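# Summary of the model geometry
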Amino acid sequence: MSEGSTRANPTRAATPAALNGGAPEGFSGGGHPNSPASRGAYAKGRPLAADHGLLPSLVPLLGEWLPHQRWFAGKGRPITGFTLVSATELLPRGAGGAAPGLLHLLVRARQSGPAEPSAAEGDCYQLLLGIRSVLPQHLAHALIGRPTGGPLHGTTVYEALADPRLTGILLERLRVPGRLGALRFTRAPSTAIPSGLSPRPITAEQSNSSVVYGDTYILKVFRRIGWGVNPDLELPRALARAGCDRVPHPTAWYETTTGAALGTEGVSGEPMTLGILQPFLRGSADGWQLALNSLSVQADFTGSARALGRATAEVHTALAAALPTAVLSRPRIEKLAAGMAARLEAAADAVPALRPYREQLHAAFADFAELGRHGRTWAAQRIHGDLHLGQALRAVRDGRWALIDFEGEPARPIVERRRLQPVARDIAGMLRSFDYAARSARPAPDSSAQSGWTQEWARQNRAAYCDGYAEAAGVDPREEPELMRAYETDKAVYEVLYEARHRPDWLPVPMAAIQRLAGASRSPSDGPGQRTPKARLGQETPKARLSQEAPDAAEARDAAGAPGRGTASGQGETGAPDHATATGRSETAAEAPGHGTATGQGETGVPDHATATGRGGTAGPAGTSEAGRSPGAGSGRARQSDTGARPAPGAPPAPPA
Ligand SMILES: Nc1ncnc2c1ncn2[C@@H]1O[C@H](COP(=O)(O)OP(=O)(O)O)[C@@H](O)[C@H]1O
Ligand SMILES: O=P(O)(O)O[C@H]1O[C@H](CO)[C@@H](O[C@H]2O[C@H](CO)[C@@H](O)[C@H](O)[C@H]2O)[C@H](O)[C@H]1O
């Protein structure tokens, strides 16, 4: 044990009282007393953090508060102790306690129960603590607690990201690059950040925490910190250099080198990314919310899905041009398949519900490996890594999609997330997301009919997404059924684990996919995003049209309500299957009570501002969903206040079919 902390007796009950703060030797808590971490990880300001009593005084508070945070990745496994990695005082508390203080901490939370090897010493979390004498009423919800003893004795400690005075300080630090204790703040070349932008935290359900500044920037504060540069910084910067405008380009970021000295998994000497500021795409709506809206009013989404497929392909092409690529042959394919199999085993160990399906799921990975043994090769490159509908923002103005959050799957070590991989992994992620959305939709009164419709919705949009991808990339993912099935299975397994850890109420959603994938025969017709029969979605005609039209024009037309598509009788402008659905859409809108009022808002006629009436009323505002709520209950990625999206329909997840 290198960190100088005292471990709690693992056999003791993990009540907060049993937690062991274990003040590290040398206050930075970093490994060897002479390591850079130990020498310099602590900040300017008052001698607060040099006080070994800091962490012990916070331990009972954090032990109680941390497990309830949406971003805490260790739900269900009791915390057995904390270790302080670094503490930096970003703002000293004003004299007499009048003005709040801001303290930045990196702490490791050790937990009992099975952990991934990379997390054996405990996951490292970034905490921003506000410190006041008395918490004003409007911050009451952000209370963490009142330490007894230690340098913060007698103060009130709270979640600083809820306090605009303190999030304003963070922006100030980013405006003026430089070092502060353990932290280094950097601004992209030739950028200037205006001062005085008013901050507000966003209410989206997310794995980290974000603050929007004056609708101009959004700062993502990473919560579970891994060693090494986060791909969410690395990839958008590479795409920015390559001139790809499908992603917001990072404006500023902050990081620490503290952890590198401690790194057990990491890339030695690399900084650990802690937060990224990027332009806020005002007037955009995220794909998850748009999809739920489409489902709520039974509207067509295939135009958007196809455009999203094209956007994905464009980003993949840009990443392949900007960063290294490789060809995967037998040994690497076998290794990838073995990794999938190992993840399945680990997930099944952690989530008993998976166990009955183990054998059948392994077959998907075995088939993939088998192809490698028969000489198949695949291209590999840097990819998004965790692509789903919530990672895509569609501009209301022109319908253009942008991709965000290149962090990769937050549950995996950063080193793994940065590996070159087949693009199939991203495509599979998005295909899973259409399934998620369909299974999260509120059931209609006649739920058996609804279930059929939502499943058809998923099928059509998965196909449309692959169509769009094939149009822009020139490669159709459906031509690779074994590869896609392996990646979809891997993704569903990941989702089971993710939901078990973060949102246990959502488990039935990926479990339904597990059942489907386990039961799937190996025939191509079970493959993801099957080609849709021409009579429904079509291939040739949209392709022909797109070849004469810039992709953005197509998206703009989508967003503008697709003049001619929804209104064209019977065949639509081209008679293409896509338009047949569009026609079906306007019919549906007319049939469904209340739906007729929601047309003409987006490419599907409804998604952006649809009010989901006529379907058993509205659930709570999507943006107000809280951690652990059921899917569909205004869930996923809703940013109600940002997008103008209205309440989404909600319901507990449908039980696995
Ligand atoms: N550049 C942006 N412009 C507008 N909204 C954004 C932007 N980046 C993120 N968001 C919103 O914040 C949410 C959370 O962002 P994301 O990067 O996915 O965080 P996390 O990694 O914590 O899940 C997104 O779903 C989206 O609604
Ligand atoms: O927070 P991240 O965006 O990095 O991703 C994590 O959280 C996602 C949920 O917020 C999770 O995505 C899963 O749920 C989505 C609906 O909320 C669904 O659209 C995705 O298909 C599904 O995977 C993601 O897996 C996780 O890494």
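Residues numbered from 1 in each chain as written. Chains lettered and ligands numbered in written order. Predicted model: local features only at pLDDT ≥ 70, side-chain atom pairs only at ≥ 80, totals over all residues. Heavy atoms only, no water.

One open sheet accounts for seven strands, arranged β6-β7-β12-β13-β10-β9-β8; its pairing is antiparallel. Taken across any chain shown, the strands that pair with only one partner, and hence form the sheet edges, are β6 (178-180) and β8 (199-201). Shown here is a sheet whose adjacent strand axes are inclined to one another by a mean of 20°, direction ignored. As paired strands, strand β10 (residues 217-221) and strand β13 (residues 272-279) are joined by five bridges and run antiparallel to one another. From the neighbouring strand, L219 faces β13, where its bridge partner is L277. Against the sheet, helix α3 (residues 164-175) makes contact with β6, β7 (183-187), β8, β9 (209-213), β10, β12 (252-256) and β13, and its axis sits at roughly 80° relative to β9, the strand it touches most. (Pairing = 2+ DSSP bridges. Helix = DSSP H or I, 4+ residues; strand = E, 2+ residues; numbered from the N terminus. Axes fitted to C-alpha atoms, helices over the stretch in contact; angles between N-to-C directions. Contact = heavy atoms within 4.5 Å.)

The subject of this paragraph is the packing of helix α4 (residues 231-241) against helix α6 (residues 302-322). In the contact formed by α4 and α6, the axes pass within 10 Å of each other and the chain directions differ by 85°. By the angle class used here, α4 and α6 are roughly perpendicular. On α6, the residues that touch L235, A238 and L239 of α4 are V315, A318, L319 and A322. (Parallel < 35°, antiparallel > 145°, perpendicular 65-115°, else oblique.)

Moving on, we come to the nonpolar core. Residues L354 and F368 are the most contacted members of the largest nonpolar core, which totals 79 residues. If we skip the residues at most four places from it in the chain, L354 touches L344, A347, A348, L361, V493, V496, M511 and I514. Core analysis: the second largest hydrophobic core is formed by 42 residues, L135, A162, L171 and A188 among them. (Core = buried A, V, L, I, M, F, W, Y, C linked by side-chain atoms within 4.5 Å. Buried < 20%, exposed > 50% of the residue type's maximum accessible area, 1.4 Å probe, protein only.)

Before going further, it helps to spend a moment on helix α13 (residues 508-519). The end-to-end C-alpha distance of α13 is 16 Å, a good match for the 16 Å that 12 residues give at a rise of 1.5 Å each. Regarding α13, the residues found buried are V509, P510, M511, A512, A513, I514, L517 and A518. In the core, the buried residues of α13 are packed alongside α8 (358-373), α10 (424-440) and α12 (481-502). (Expected span 1.5 Å × (residues − 1).)

This next bit is on the packing of aromatic side chains. Summed over the entire model, instances satisfying the criterion amount to 13 aromatic pairs. Taking the centre distance of 5.8 Å and the plane angle of 25° together, the rings of F301 and W457 count as stacked. In this pair, F301 sits in the loop between α5 (287-296) and α6 while W457 sits in helix α11 (residues 447-473), placing the two residues 156 residues apart along the sequence. Among the aromatic residues, ring-to-ring pairing joins W65, W71, F72 and Y125 into one connected group. The ring of W401 carries the charged tip of R394 above its face, separated from the ring centre by 5.9 Å. One Lys or Arg, R503, reaches over the ring of W506 and ends 3.5 Å from the middle of that ring. (Phe/Tyr/Trp six-rings, centres within 6.5 Å; stacked < 30°, edge-to-face > 60°. Lys NZ or Arg CZ within 6 Å of the ring centre and 35° of its normal.)

Two numbers describe a pair of packed helices, the interaxial angle and the distance between the axes. Two numbers describe how α8 lies on α12: the axes approach to 9 Å, and their chain directions differ by 140°. When the interaxial angle is binned, α8 and α12 end up oblique. You can see that α8 and α12 cross each other, and the crossing is left-handed. Contact with α8, carried on its side by Q360, L361, A364, F365, D367, F368 and L371, involves E482, L483, R485, A486, Y487, T489, D490 and V493 of α12 and no other residues of that element. Here the residues of the contact of α8 with α12 are counted per class, giving nine nonpolar, two polar and four charged. (Left-handed = near helix turned anticlockwise from the far one by under 90°. Nonpolar A, V, L, I, M, F, W, Y, C, P; charged D, E, K, R; others polar.)

For the rest of this paragraph, the subject is α4. The buried fraction of α4 amounts to eight of the 11 residues, a majority that puts the element mostly inside the structure. Where α4 is concerned, the buried positions are P231, D232, L233, E234, L235, P236, A238 and L239. Of the surrounding elements, those touching the buried residues of α4 are β10, β12, β13, α6 and α9 (414-417). Structurally, the start of α4 carries an N-cap: the backbone nitrogen of D232 is 2.8 Å from a side-chain oxygen of N230. (Polar contact = N/O pair within 3.5 Å; in protein donor to acceptor, adjacent residues only side chain to side chain.)

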